[in-house]
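Overview (structure and organization)
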Amino acid sequence: MADIDNFNPNDVGIKGTLFGLPFDTDSAKVVVIPVPWDVTVSYGAGTADGPEAILEASSQIDFSQLDIAEPWKLGVAMADIPEVWYSLGRELREKSEDYIAWLEEGSNEEEREEMEAILAEVNEQTNQLMKYVKQQSEYWLKQGKTTILVGGDHSTPLGHFQACAKHYGDFGLLQIDAHADLREAYEGFEFSHASIMTNALKIKELTKLVQVGIRDFCDEEQQLIANSNGRVVTFFDQQLKHDQYAGKTWATQCEEIIKELPQQVYISFDIDGLDPKLCPNTGTPVPGGFDLEQVMYLIKQVVKSGRTIIGCDLNEVSPSEDEWDANVGARALYRMINLMAASKGMLQLN
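Summarised in this report is the structure supplied together with it. (Residues numbered from 1 in each chain as written. Predicted model: local features only at pLDDT ≥ 70, side-chain atom pairs only at ≥ 80, totals over all residues. Heavy atoms only, no water.)

Next up on the list: the sheet that holds strand 4 (residues 171-176). Spatially, the eight strands line up as an open sheet ordered 2-1-3-8-7-4-5-6, and their pairing is parallel. Looking at the sheet topology across the chains shown, the edges are occupied by strand 2 (76-78) and strand 6 (232-236). Geometrically, the sheet is characterised by an average inter-axis angle of 15° between neighbouring strands, direction not taken into account. By the bridge criterion, three bridges tie strand 1 (residues 30-35) to strand 2 in an arrangement that is parallel. (Pairing = 2+ DSSP bridges. Helix = DSSP H or I, 4+ residues; strand = E, 2+ residues; numbered from the N terminus. Axes fitted to C-alpha atoms, helices over the stretch in contact; angles between N-to-C directions.)

This is the structure:
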């Protein structure tokens, strides 16, 4: 690692390092865990390439921020992208596409045995991936690092949730998303991207799930929210927008959202929570959503409330020929990391 005191933030970033900064995982305070996996996605694939695309785009950003002094000195690095999981995911993705097509075409009985074998294989391998993610997360947490996960699809952070729960204790989860993700083993996939929050709710330390920006959900999910006895609180995109049309400010809405959160907060950010103009190639884009600065304002208010952000993830960034999605994803990641660090006293938020 180059001496950060000799690093000039006005120069060109170092190609091949996260944000072009002179840190590795040994010297960094924050370690980004990449998980290149999108086996269970039910619409558009490509998010397995998200971590690599974000890494490539990240060296182009400028470092300064209006409300945080010298954020580049924090120390951030991305762990190695696991090629074995990427390769396995590519192989299984082809099989899962055959299985999903079989479901959508009426589940021909003559192919049932073959398709059920695919489902069993995908579930078993995804279970192993979840164990890997948990082990990796626990490893870095035990090294005294603050961690953030980058997917991949939104199934990928479950092991990170579990590791943070074990390390930090009780917490609330703030989910920024277009989808409720409260399906029960969607399409038969136990660890589906559409089931991530159902699986998260099985973690006993998770005391509250607060969802923001939801605009795609089914009746089953709506009933789960209604019957959760307040453990799941959802701020639907339609409700937020209608209240804004009637004069309520985003600042007031952020206060209402944050009141639902406990002292320790984990933030799970599915990029499709944004307006699709900012993430047109994400796996399941939905009209509506936020500008990036709206989301970052909410996270900043979480920090200013005195709450601690114990961990984060950023998911569903899919690369494109013009690199727009990765460009937005890299900037979202940089800002999230700095705000999380500020909540822990590692950076000063003005």
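Bringing the pattern of salt bridges into the picture now. Inspection of every chain in the model, using the stated rule, returns 15 salt bridges. Among the salt bridges present, the one from K241 reaches D237, with a minimum N-O distance of 3.1 Å. Within this pair, K241 and its partner D237 are both found in helix 7 (residues 237-245), separated by four residues, close to a single helical turn. By relative accessible area, D237 is classed as buried at 6%. For K248, the salt bridge identified is with E256, shortest N-O distance 3.0 Å. Given a relative accessible area of 30%, E256 falls into the partly exposed group. In the salt-bridge network here, residues are joined through shared partners; they are D67, K300 and R335. (Salt bridge = Lys/Arg side-chain N within 4 Å of Asp/Glu carboxyl O. Buried < 20%, exposed > 50% of the residue type's maximum accessible area, 1.4 Å probe, protein only.)

Within the element layout of this structure, Y139 appears in helix 3 (residues 112-142). As for Y139 and A163, which are separated by 24 residues in sequence, their C-alpha atoms are 9.3 Å apart.

Once that is clear, we can look at unusual backbone geometry. Between G151 and G152 the backbone carries a cis peptide bond, its omega angle lying at 25°. Tracing the backbone through its elements, the reader meets G152 in the loop between strand 3 (146-151) and helix 4 (158-168). Even without a glycine there, the phi angle at S107 is positive, about 60°. With respect to the helices, strands and loops of the structure, S107 is situated in the loop between helix 2 (83-104) and helix 3. Accessibility expressed as a relative area gives 18% for S107, which makes it buried.

A few words on the environment of E109. The topology assignment puts E109 in the loop between helix 2 and helix 3. C-alpha of E109 to C-alpha of N10: the two residues are 99 residues apart in sequence and 63 Å apart in space. Reaching out from E109, the side chain makes a polar contact with the side chain of R112 at a distance of 2.7 Å. (Polar contact = N/O pair within 3.5 Å; in protein donor to acceptor, adjacent residues only side chain to side chain.)

It is worth spelling out helix 3 at this point. In a regular helix each residue adds 1.5 Å, so 31 residues correspond to 45 Å; helix 3 covers 45 Å between its end C-alpha atoms and thus fits that length. Of the residues one or two after helix 3, G144 is the one with positive phi, at around 85°. (Expected span 1.5 Å × (residues − 1).)

Once that is clear, we can look at the state of the cysteines. By definition, a disulfide is the covalent link that joins the sulfur atoms of two cysteine residues. Applying the stated rule across the entire model yields zero disulfides. Here C164 is not cross-linked by a disulfide; its sulfur's nearest cysteine counterpart is in C312, at 8.9 Å. For C164, a relative accessible area of 0% puts it in the buried group. Not engaged in a disulfide, the cysteine C279 finds its nearest cysteine sulfur in C312; these two sulfurs lie 18 Å apart. Judged by its relative accessible area of 2%, C279 falls in the buried class. (Disulfide = S-S within 2.5 Å.)

Aromatic ring pairs: the centre-centre distance and the angle between the two ring planes describe each pair. Overall, the coordinates contain twelve aromatic pairs when judged by the stated rule. Each ring, one from W85 and one from Y132, has its centre 5.7 Å from the other, and the planes form 40°; the classification is tilted. Of this pair, W85 sits in helix 2 while Y132 is found in helix 3, placing the two residues 47 residues apart along the sequence. Side by side, W85 and Y132 carry an identical accessibility label, which is buried. Pairing W250 with F290 gives two aromatic rings, centres 5.3 Å apart and planes at 40°, and the pair type is tilted. One end of the pair, W250, is in helix 8 (residues 250-259); the other, F290, is in the loop between strand 7 (264-270) and helix 9 (292-304), with 40 residues separating them in the sequence. Grouping aromatic residues by their ring pairs yields a cluster made of F7, F19, F63 and Y334. Geometry around Y86 places R90 over its ring, the cationic atom sitting 5.5 Å from the centre. (Phe/Tyr/Trp six-rings, centres within 6.5 Å; stacked < 30°, edge-to-face > 60°. Lys NZ or Arg CZ within 6 Å of the ring centre and 35° of its normal.)

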